[in-house]
Amino acid sequence: MEVKIGLFGLGTVGMGLLTILEEQKEKISENTGLDLTVKTAMVSSLTKDRPGLSSTIQLTTDPKDILDDPEIDLVVEVAGGTGSAKNWIKSALASKKPVITANKDLIATAGEELLDLANKAQVPLLYEAAVAGGIPIIGTLREYFRTDTIRSLAGIVNGTTNYMLTQMADNDLSYETALKQAQDLGFAEADPTNDVAGYDAAYKAIILARLVFGLEAGLKDIQITGIQKITDEDIAAVKTLGGQLKLLFRIDQISADSVAVIVAPQVVLPQSPLSQVHNENNAIAVNSDNLGQTLFYGPGAGARPTAQAVLADILAAAMAPKDAKQPLPEKEMTLAGERVQAYCWILNTTGANNVSQDTKDELRSLIVRQASHENNRLGSQLVLYTKEMSKDQHDALLDALTTNRTLAKEFVIYPC
């Protein structure tokens, strides 16, 4: 069966998709009976040189050449953005054409609306490539875990920041040097704000929170902290107690109808599988009732991994039964308020590099480990790891510890 595709975007992912389709054409046909053909691709310029592009693909700058073509069976959007791309997807769904997208910003901000339109049209809207590139997490959560109950998700879903923090830890690089290296290697954009400020990871967390828990939230609703203020000395201080700093997203069910969502640099302990995820790689840990903790690891970006995720969705959409509907979460949860957490504190001190006996026993018992660190710029520091504690305990202990010290940095510790 021939399936004709309309493709919005011929950048890195779009060209990667064409490459894989050509290379795997025979295998796809043998395994599925499908003949996948990109009929029309919308581009921003018709004069740009595109070496190796098949002459059978019609290029256009007019979206109507895809949306109004009755021969096109499904639409793939890899152009990005939240303006025109949203209109293209809405028009395709209105025409009852299945849609595959890699657009995390759009799915995060308008996913509820678009999924509702897809269900009304009874056609698939699939977005595996929108989260963690080549890691097949969306389909796995939606299908494999359908008979399990997920309690939390956490992980590393931004390769740029993970690469930078790995290089800062392994090679004692400054933030600025690590960023420049990431840009030189193509991991970071010229303007890296979306990555280093945590917005990229936050969009992916929003998508996963909606998929699993039915939570509708925006960037303004969740706690987001980037890595811009992390120094090589912070990383060295955390390392004195065996930890690493990683930019993590965390989604935790707090009560029967609420979840907490955070994106921030967190301390990862050696016993956590996330401690083994380095450089540009991504990983997502899922905790569920039946399986306990499972880890999904792989490349989070790149032409081929992302294009492979798009291709998997194309096959799923092409083979979906008529009148398909998106499986939706059973519950619609809300954002939780306060939660108990463990902390890493880095304290500047001019006195004793340990917690003195004048700290009350009940507060001192909240401290798990402590060590000294000599900061080359700030002098002597005290590094502490705490137990999980309430906000009141947090405030009381920190007040006691900062009588003769100042708090330099505070990080949450990721629970193993």
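Residues numbered from 1 in each chain as written. Predicted model: local features only at pLDDT ≥ 70, side-chain atom pairs only at ≥ 80, totals over all residues. Heavy atoms only, no water.

Draft legend 1. Fine view of empty space enclosed by the protein. Within this structure, the stated rule accounts for one cavity of 30 Å³ or more. Empty space within the largest cavity amounts to approximately 30 Å³. Taken together, Leu21, Lys25, Ile28, Leu34, Asp35 and Leu36 make up the full set of residues lining the largest cavity. Taken together, the elements giving at least two residues each to the lining of the largest cavity come down to α2 (25-32) and β2 (35-42). A class-by-class count of the residues in the lining of the largest cavity yields four nonpolar, no polar and two charged. (1 Å grid on protein atoms, 1.4 Å probe; cavity = no way out; pocket = protein on both sides within 12 Å on 5 of 7 lines; lining within 4 Å. Points joined across faces, edges and corners; volume = space filled by probe spheres on them. Helix = DSSP H or I, 4+ residues; strand = E, 2+ residues; numbered from the N terminus. Nonpolar A, V, L, I, M, F, W, Y, C, P; charged D, E, K, R; others polar.)

Draft legend 2. Broad picture of helix α7 (residues 159-171). In this model, α7 (13 residues) spans 18 Å end to end at C-alpha, consistent with the 18 Å of a helix rising 1.5 Å per residue. Taking burial as the measure, the 13 residues of α7 include eleven buried ones, the bulk of the element. For α7, the side-chain oxygen to backbone nitrogen distance between the N-cap and Thr160 is 3.3 Å, and the N-cap itself is Asn158. The positive-phi residue at the C-terminal boundary of α7 is Asp172, with phi of around 55°. (Expected span 1.5 Å × (residues − 1). Buried < 20%, exposed > 50% of the residue type's maximum accessible area, 1.4 Å probe, protein only. Polar contact = N/O pair within 3.5 Å; in protein donor to acceptor, adjacent residues only side chain to side chain.)

Draft legend 3. Broad picture of the sheet that holds strand β5 (residues 99-101). Spatially, β3-β2-β1-β4-β5-β6 is the arrangement adopted by the six strands of the open sheet, whose pairing is parallel. Unpaired on one side and paired on the other, β3 (58-60) and β6 (125-126) mark the two borders of the sheet. Pairing analysis gives three bridges linking strand β4 (residues 74-77) to β5, with the strands arranged parallel. The residue bridging Val75 from the neighbouring strand is Val99, located in β5. On top of the sheet, helix α12 (residues 303-318) reaches β1 (2-8), β2, β4, β5 and β6; it is set at about 160° to β4, its chief contact. (Pairing = 2+ DSSP bridges. Contact = heavy atoms within 4.5 Å. Axes fitted to C-alpha atoms, helices over the stretch in contact; angles between N-to-C directions.)

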